[in-house]
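Structural characterization, general
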Amino acid sequence: MHILIREELLQIKGGGWLLITGIVGGVVTFIIGIVDGFLRPLSCNK
């Protein structure tokens, strides 16, 4: 096993699209939930 030094760790690229996709997906889901709550309110006493 090779232990990477700090400079080698900073040169590693990748994973950015996964983070961006997760953040955008979370924001879209949150906005859809808010719109759904206003258009179709449901009571909490089920």
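Anything mentioned here points back to the structure above.
This one's a predicted model, so the numbers in the text were calculated from it and none came from an experiment.

1. Overview of the overall build of the chain
- Counting its secondary structure elements, the chain contains two helices and zero strands.
- For the chain, the spread of C-alpha atoms along the principal axes amounts to about 55 × 20 × 15 Å.
- Looking at the chain as a whole, 0% of its 46 residues are labelled buried.
- Surface summary for the chain: the accessible area is close to 4,800 Å², and the carbon and sulfur share equals 72%.

2. Digging into the pattern of salt bridges
- The tally for this structure, following the rule as stated, stands at one salt bridge.
- The partner of aspartate 36 in a salt bridge is arginine 40, with the nearest N and O atoms 3.1 Å apart.
- Given a relative accessible area of 33%, aspartate 36 falls into the partly exposed group.

3. Brief notes about a nonpolar patch on the surface
- Together, Leu19, Ile23, Val27, Phe30, Ile31, Ile34, Val35, Phe38 and Leu39 give the surface a local cluster of nonpolar side chains, amounting to about 980 Å² of exposed area.
- Locating leucine 39 in the fold gives a position in helix α2 (residues 16-39).
- Its relative accessible area of 70% is what places leucine 39 among the exposed residues.

4. Some thoughts on the environment of leucine 18
- As for its placement among the helices and strands, leucine 18 is situated in helix α2.
- On the basis of relative accessibility, which here comes to 69%, the residue leucine 18 falls in the exposed class.

Procedures and definitions
- Along each chain, residue indices are assigned from 1 in the same order as the chain's sequence is written.
- At least 70 in pLDDT is required for a residue's local features to be given in this predicted model, at least 80 for side-chain atom pairs to be given and counted, and no such filter applies to totals for whole chains, interfaces and linings, which use all residues.
- In computing side-chain properties, one takes all heavy atoms of the structure into account and sets aside hydrogens as well as water.
- Every helix listed is a DSSP run of H or I at least four residues long, and every strand listed is a run of E at least two residues long, numbered separately from the N terminus.
- Under the scheme applied here, a residue whose accessible area is under 20% of the maximum for its type counts as buried, over 50% as exposed, and between as partly exposed, the area being computed with a 1.4 Å probe on protein chains only.
- Under the convention used here, a 1.4 Å probe and the Shrake-Rupley method define accessible areas, while residue burial counts only the protein chains that appear.
- A pair is scored as a salt bridge if a Lys or Arg side-chain nitrogen falls within 4 Å of a carboxyl oxygen belonging to Asp or Glu.
- Excluding any residue in a salt bridge, patches collect residues exceeding 30% relative accessible area, merging like charges within 9 Å and nonpolar Val, Leu, Ile, Met, Phe, Trp and Tyr side chains within 5 Å.

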